[in-house]
Amino acid sequence: MIEVLERERTFHLSTEHTSMILHVMESGHVVSLYWGGKVYGKEFSYIVDELKKASYLAWTDGNRNFRLEQYPVLYPVFGNPDLRSPALHLRYEDGSRITNLRYSSYRVLSGKQKIPGLPTVMDRSEDGKESDEATLELVFADRSRGIRLKLLFSVFGKHDAITQSAVLINDSKGSVWVEKVMSACFSFLADEFDCITLTGAWAREFRRTRQSLRQGKFLVDSRRGASGHGQNPFLALTDPGCTEDTGNVYGMNLVYSGSFEASVEVDMQHNTRMMMGIQSFDFSWELHSGEEFYTPEAVLVHSDRGLNGMSQIFHRLYRERLMPPNWAERPRPIAVNNWEATYFDFDRKKLLDLADEAAGIGAELFVLDDGWFGHRNSDGSSLGDWKVNEEKLGGSLKNLGQEMKERGLGFGIWMEPEMVSPDSDLFRAHPDWIIAAPLEEPQVARNQYVLDLSRKCVREFVIEAVAEILEGGVIDYVKWDMNRNITDAFSGELFPGNQKELMHRYMLGLYGILEELTERFPEILFEGCAGGGGRYDPGMLYYMPQIWVSDDTDAIERLRIQDGASLIYPSVSMSCHVSAVPNHQIGRITPLKTRGIVAMQGVLGYEQDLTKCTEKGKKELAEQIGYYKTVRHIMQEGTFYRLRAGENDYAWMHISRDGSEILAGYVQVMAKPNTVPERLQLKGLEEKAWYALEGTDIVRTGSQWIHCGLELDQSMEDYHAVQWGLRRVEMP
Ligand code: DGJ
C-alpha cells in the first residue's frame, strides 16, 4: 500500500509487516526517514527535523543550518553538497559533473510495470486474484541541465517486498554521459550493523561472509560481465546480534546478471548508506537528447525475524513473482545428466545404456551434456557450430530424443550459445563477431571467445541457431551454460567514445535473446549454468527457473554452498545432483544416502555412470528417487528453514504449503567422540497442532518438536545424514 501524506510531504510505503517512509524536504531533497517493521502514524518528519547540525560540512543552498551531508538522502547525486558516495554521477558536454536534482512531482500507479529490456519481479495480478501491488513514481529534475530522474518503488504487500529502480531522461539538446547510476540506495541514521555478503570461487560458491561495519566503505562487486562465482548481487545489513530467527535484516538483491556493485558506506556522522546497481567501474553511457536509461531493479526486503525471515520473503517472491509462471508450480523432473558419467567420451550405445539405467531407477529426464555437436570431443572446439554430430550420436538428435521418449524419459541438451571456439566454422566465417580489443591477440579462456551480443547480427545468429535445434518438439530441457567471463572488453561496432557501454549492452543483448527464446519455447525447461553458480542471480531466474548451483557435486562441499544460496534463492531453483564417489572435484567418499539427502534440499538429479552401479546400488537409487517423488512438492512449494549451519553440522527443513507435511534433513560432517545426546529443534510448526514422525508411532505437538526437538542419533560415522518426515495429524 502507498499512502501519501500530502501536508507532510511524506510517502508511506507499507507491506504486510514492513514500512518504508520517504519525505520531501523544504529544499526539494528527498530523504529516507525509515525502513523496518511496520509503523503507524501521520507524522514522521521529526526524524530529520530533530537532527543536530554537524560541523565542517558544506552548507546547502547558502543555508548555514542545512548540511545535506548529514541527512539520509534517498538518492544522492554527485555535485550536491553531500560528499559521500553518490548513487548518480553524470558528466556534461561542458565538462561539468555537477547535477542538482530536486523533487518535482509524484504519481501512484496501480500494479507493477515491466522495465523495458530487463527482467523484473512481475505483477501477476492477472492470475485472477486482486493485486496488492502498487508503484510510487517520484520525479526529480535539474532544470538548468534538462535532466529528469524517476525513482520507481513497487510495493508487494503480501510478499513483504519492495522493488526499486531508476529511469534517467535527457530533455536537453546535447548528450549526457552517465558515469554511475544505481538502482537502489538507502540511508540509515545509524551505524551499528553487520554486513552479510556471499563470496567464494568456482566450485565453492555462496560462502556466507559476515563482518561488522566500521567507518569507511565496503564494496562487493563484479567486473566480469557476469554476476560471478566469487560474489552475488546481494548484500544484507543486520543488527549485530541478528540470528537465523531473531533481529532486523535489510537485504538487497539486484535483478541483473552482469557486472554489478553493492556498497555500504559508514560516514563521519555514524550514518550508513547502502546501494546497489550496475558496476560503475569502466562504465559510461552516452544518453542522447530525448533518450531514457533504465536501471535494473533491486529487491529490498526487511525482516525482523532474522535471516530465515529474510530468506522466506525472497523465496516466496521469486517463486510467485519472478520465475516463469508456467514452471514455478510444475514438478521439476528428476534428471540423469551424462556429464560426470562420460564427459566428452560417449557414443549412442553408451547414452542409451545410461538411459536404460536412468529409466530403470525411475528418473524422468535424460540430459545430454557437452560434446554432441560439431566435432567437439574436448573443450577445444566447435562452440558456435550448433550442428548435431550424427556420427557420434549414431543418428539425429530427434532420433535420440525419440529413444528417450520410448523409455519414458524427457530429453534435454546442453548448449553454450554465448560462446565461440577459435576452432569453429562460425569463427572462421565471422572472426569479427567476438569481444576483443584492437591491436591485441584476443584472450582465450577455456579455449573460447565471447560472442559480442551487443551486435544485432550476432544476436540474430544465436537466436536462429538455438531455435533450429529446439524446433521439432523433441527437446524438453536446455542447460544454458556460460564458461568464461569477458576480459578484453571492446566491441567492433561501438564508437570509441561508447566502448564503456559494452558490458551493459551485452546483458541487454543476452536478455533480448532469452526473452525471445523463452517466449518461442515456453514448454522447454531452461536451466541456467555458468561453470556452476557463476551467474546465479534473479536476472537469470526470470528466464530460467532452475540453476546448476555449483560444479562441485561433493555432498559435504554442497552443504555450505547450498546453505549460502538458500539465503536468497528458493530450493526449487537449485539444481542438485548426486554424483559418484570418490567425488570428481574433491576425491571425498560419502554414503549414497548422504548424497541423496543433500541433493533433495533442491531439485534432485544424478550424474554418474549408472551402468557401473551394482544391483544393490541401483535398488538404493530407485528407492531414493521413489521417496523423493513423494516429497518433492514439499521442497518445491514449501517454506524453508535453516536449522543449523555450523562448521560440523547442517540441518534444514521444509514445511509444505498447507502446513501438513514436513521434511527435515541433517548432516554431521565429522563424527564426534564422547558426546552427549543432542536434539534438533524444529521451526515454524503450529505450537498446538499434533505431528507424527513418519516410520514411528511418535506423535507430539508442534511446541514439543520446536522446543524439545528431535533426537539426533549419535553416529560414529563421518558424513552421516538423517532425513525425517513429519505429518500433521488429529489429536491422538
Ligand atoms: C560446465 C558445467 O558447469 C558442467 O556441468 C558441464 O556442463 C560442463 N560445463 C560442460 O562443458
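Scroll up a little and you will see the structure.
A quick note: this is a predicted structure, and the numbers were derived from the prediction, not measured.

Thresholds, definitions, all that
Residues numbered from 1 in each chain as written. Predicted model: local features only at pLDDT ≥ 70, side-chain atom pairs only at ≥ 80, totals over all residues. Heavy atoms only, no water. Helix = DSSP H or I, 4+ residues; strand = E, 2+ residues; numbered from the N terminus. Rg over C-alpha atoms; globule rule 2.2 N^0.38 Å. Buried < 20%, exposed > 50% of the residue type's maximum accessible area, 1.4 Å probe, protein only. Areas by Shrake-Rupley, 256 points an atom, 1.4 Å probe, with all protein chains shown as cover. Lys, Arg positive; Asp, Glu negative; His and termini not counted. Charge placed at Lys NZ, Arg CZ, Asp CG, Glu CD. Salt bridge = Lys/Arg side-chain N within 4 Å of Asp/Glu carboxyl O. Axes fitted to C-alpha atoms, helices over the stretch in contact; angles between N-to-C directions. Parallel < 35°, antiparallel > 145°, perpendicular 65-115°, else oblique. Left-handed = near helix turned anticlockwise from the far one by under 90°. Contact = heavy atoms within 4.5 Å. Nonpolar A, V, L, I, M, F, W, Y, C, P; charged D, E, K, R; others polar. Pairing = 2+ DSSP bridges. Near = heavy atom within 4 Å. Polar contact = N/O pair within 3.5 Å; in protein donor to acceptor, adjacent residues only side chain to side chain. Core = buried A, V, L, I, M, F, W, Y, C linked by side-chain atoms within 4.5 Å.

Asker: I'd like a description of the overall build of the protein, backed by residues and values.
Answerer: On a plain count of helices and strands, the protein comes out with 15 helices and 38 strands. Taking 732 residues into account, the globule formula puts the C-alpha radius of gyration at 27 Å, and the protein, at 27 Å, falls close to it. By principal-axis analysis of the C-alpha atoms, the protein measures approximately 85 × 70 × 50 Å. Within the protein, buried positions represent 62% of all 732 residues. Within the structure as shown, the protein displays about 27400 Å² of accessible surface, and the carbon and sulfur contribution to it stands at 51%. Charge centroids of the protein, computed over 80 positive and 106 negative side chains, lie 3 Å from each other.

Asker: A description of the pattern of salt bridges should follow, citing residues and the corresponding values.
Answerer: All chains considered together, the criterion is met by 57 salt bridges. Ionic pairing is found between Arg208 and Asp563, a salt bridge with its closest N-O pair at 3.0 Å. Here the residue Arg208 occupies a position in strand S12 (residues 204-212), and Asp563 occupies one in helix H12 (residues 555-565), the gap between them amounting to 355 residues. For Lys349, the salt bridge identified is with Asp353, shortest N-O distance 2.6 Å. With Lys349 and Asp353 both in helix H5 (residues 348-361), this residue pair falls four residues apart, about one helical turn. One salt-bridge network, held together by shared partners, links Asp82, Arg84, Asp267 and Arg273.

Asker: I'd love a proper account of the packing of H12 against helix H13 (residues 592-599), names of residues and values included.
Answerer: Between H12 and H13, the shortest axis-to-axis distance is 9 Å and the interhelical angle comes to 20°. When the axis of H12 is compared with that of H13, the two are roughly parallel. Note on packing geometry: the crossing formed by H12 with H13 is left-handed. Across from Ala555, Arg558, Leu559 and Gln562 in H12, the residues of H13 making contact are Thr594, Arg595 and Val598. Class assignment of the residues belonging to the contact of H12 with H13 gives a composition of three nonpolar, two polar and two charged.

Asker: Tell me about the sheet that holds strand S38 (residues 720-729), and please be specific about residues and values.
Answerer: With antiparallel pairing, the six strands of this open sheet are ordered in space as S31-S32-S33-S38-S35-S36. Edge positions in the sheet fall to strand S31 (639-645) and strand S36 (699-701), since each has one partner strand and no second. Strand-to-strand, the axes of this sheet are offset by a mean angle of 25°, without reference to chain direction. Pairing between strand S33 (residues 661-668) and S38: eight bridges, direction antiparallel. Bridging from a neighbouring strand, Ala664 pairs with Trp724 of S38. Helix-sheet contacts for H12 involve S31, strand S32 (649-655) and S33, and the interaxial angle to S32 is about 55°.

Asker: Quick one: what's the story with the site of the ligand, residue by residue and with numbers?
Answerer: As a matter of local geometry, the ligand sits amid 13 residues, with Asp369, Asp370, Lys479, Asp481 and Asp551 nearest to it. Here Asn483 contributes a side-chain N or O atom positioned 3.5 Å from a nitrogen atom of the ligand. Residue Asp551 places a side-chain N or O atom 2.3 Å away from an oxygen atom belonging to the ligand. Protein chains bury 97% of the 290 Å² of accessible surface belonging to the ligand in isolation. For the shell around the ligand, the residue count by class is four nonpolar, three polar and six charged.

Asker: Tell me what's going on with the sheet that holds strand S3 (residues 18-24), and back it up with residues and numbers.
Answerer: Across the sheet, which stays open at both edges, the four strands sit in the order S1-S2-S3-S4 with antiparallel pairing between neighbours. Single-partner strands in this sheet number two, and they are strand S1 (2-5) and strand S4 (30-37). On average, each strand axis in the sheet is inclined to that of its neighbour by 15°, with strand direction left out of account. Where strand S2 (residues 10-14) lies against S3, five bridges are found, and the strand directions are antiparallel. Bridge pairing links Phe11 to Leu22 in S3.

Asker: Now, about the environment of Arg319: what can you tell me, with residues and values included?
Answerer: By secondary structure assignment, the location of Arg319 is in helix H2 (residues 306-321). Arg319 sits 222 residues away from Leu541 along the chain, and the two C-alpha atoms are 9.4 Å apart. Contacts of Arg319, omitting those with residues within four sequence positions, involve Ala328, Pro570, Val572, Gln636, Glu637 and Gly638.

Asker: Mind laying out the pairing of S12, listing which residues take part and the relevant values?
Answerer: Bridge count for strand S11 (residues 194-201) against S12 is seven bridges, and the pairing is antiparallel. Within the sheet, the bridge partner assigned to Thr197 lies in S12 and is Thr209. The turn linking S11 back onto S12 is made up of two residues, and Ala203 within it adopts a positive phi angle of 70°.

Asker: Break down the nonpolar core for me, with residues and values.
Answerer: In this structure, Leu138, Trp372 and Ile413 are the most contacted members of the largest nonpolar core, which totals 181 residues. Of the residues forming this core, the biggest block, nine residues, is contributed by helix H10 (residues 502-520). Those residues in contact with Trp372 that lie beyond four places of it in its chain are Phe346, Trp386, Lys387, Val388, Asn389, Leu393, Leu397, Ile413, Trp414, Met415 and Ile469. Leu643, Ala664, Leu712 and Leu726 belong to the second-largest nonpolar core, a separate cluster that totals 21 residues.

Asker: I'd like a description of unusual backbone geometry, backed by residues and values.
Answerer: Val581 connects to Pro582 through a cis peptide bond whose omega is -10°. Summarising the element assignment, Pro582 is placed in the loop between strand S29 (574-579) and H13. The backbone of Tyr56 sits at a positive phi, close to 70°, despite the residue not being glycine. Position of Tyr56 among the secondary structure elements: in the loop between helix H1 (46-49) and strand S5 (88-92). Take Tyr56: its relative accessible area is 83%, and that puts it in the exposed class. Residue Phe206 is not a glycine yet carries a positive backbone phi of 60°. Residue placement: Phe206 occurs in strand S12. The class for Phe206 is buried, based on a relative accessible area of 2%.

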